[in-house]
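Residue strings, one per chain:
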Amino acid sequence: MKVAGVTKCPTGIAHTYMAAERLELTGKKLGYEMYVETQGSQGTENELTEEQIREADYVIIAADIVVDGLERFAGKKIYRTLIKPVLRNTEQVFRDMIEKAVV
């Protein structure tokens, strides 16, 4: 299964990147092909490609503020969460993604 993610926190520094790392590591551990874009103080990094978005079975939006470019995910199963749950229990975020994602 393929999962695309976007992380963004209000200051766009530590938590944005910590959440991205947790999603990548935990996703791979659980057997997912993971791609995570960060929208931080340095701008957008690791921007998701059209192909990665098209092939994604799920999209995780882990953000405490509005994410740029949400229209790219039209028609995808999206699970939205805040940054804190990703940092506290990333495996639960993936379980919630399967149960609660909506198009």
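Cut-offs applied
- Residues numbered from 1 in each chain as written.
- Predicted model: local features only at pLDDT ≥ 70, side-chain atom pairs only at ≥ 80, totals over all residues.
- Heavy atoms only, no water.
- Helix = DSSP H or I, 4+ residues; strand = E, 2+ residues; numbered from the N terminus.
- Rg over C-alpha atoms; globule rule 2.2 N^0.38 Å.
- Contact = heavy atoms within 4.5 Å.
- Areas by Shrake-Rupley, 256 points an atom, 1.4 Å probe, with all protein chains shown as cover.
- Lys, Arg positive; Asp, Glu negative; His and termini not counted.
- Charge placed at Lys NZ, Arg CZ, Asp CG, Glu CD.
- Pairing = 2+ DSSP bridges.
- Axes fitted to C-alpha atoms, helices over the stretch in contact; angles between N-to-C directions.
- Salt bridge = Lys/Arg side-chain N within 4 Å of Asp/Glu carboxyl O.
- Buried < 20%, exposed > 50% of the residue type's maximum accessible area, 1.4 Å probe, protein only.

Caption draft 1: Seen up close, the overall build of the protein chain. When its secondary structure is counted, the protein chain shows 4 helices and 5 strands. Overall, the protein chain shows an N-to-C arrangement of helices and strands of β-α-β-β-α-β-β-α-α. The C-alpha radius of gyration of the protein chain comes to 12 Å, within 12% of the 13 Å expected for a compact globule of 103 residues. Restricting the contact set of the protein chain to residue pairs at least 6 apart, pairs at least 24 apart contribute 61%. A total of about 5,700 Å² of accessible surface is found on the protein chain, and carbon and sulfur atoms cover 50% of it. One way to put it: in the protein chain the 14 positive side-chain charges average out to a point 6 Å from where the 16 negative ones average out.

Caption draft 2: Here's a closer look at the sheet that holds strand 2 (residues 33-40). Spatially, 5 strands are ordered 3-2-1-4-5 in an open sheet, and the strand pairing comes out mixed. This sheet does not close on itself; its edge strands, each paired only once, are strand 3 (43-45) and strand 5 (78-81). When strand polarity is set aside, the average angle formed by the axes of neighbouring strands in this sheet is 15 degrees. In this structure, strand 1 (residues 2-8) lies alongside strand 2, joined through 6 bridges in parallel fashion. Residue pairing in the sheet places Val3 in a bridge with Met34 of strand 2.

Caption draft 3: Here's a closer look at the pattern of salt bridges. All told, the structure shown has 4 salt bridges when counted by the stated rule. One salt bridge in this structure joins Glu55 and Lys2, with 2.7 Å as the shortest N-O distance. Highlighted residues: Glu55 in helix 2 (residues 50-55) and Lys2 in strand 1, separated in sequence by 53 residues. A salt bridge links Lys8 to Asp68, with the shortest nitrogen-to-oxygen separation between them at 3.4 Å. Here Asp68 lies in the loop between strand 4 (58-63) and strand 5 and Lys8 lies in strand 1, a separation of 60 residues in the sequence. Of the residues examined, Asp68 reaches a relative accessible area of 46% and is grouped as partly exposed.

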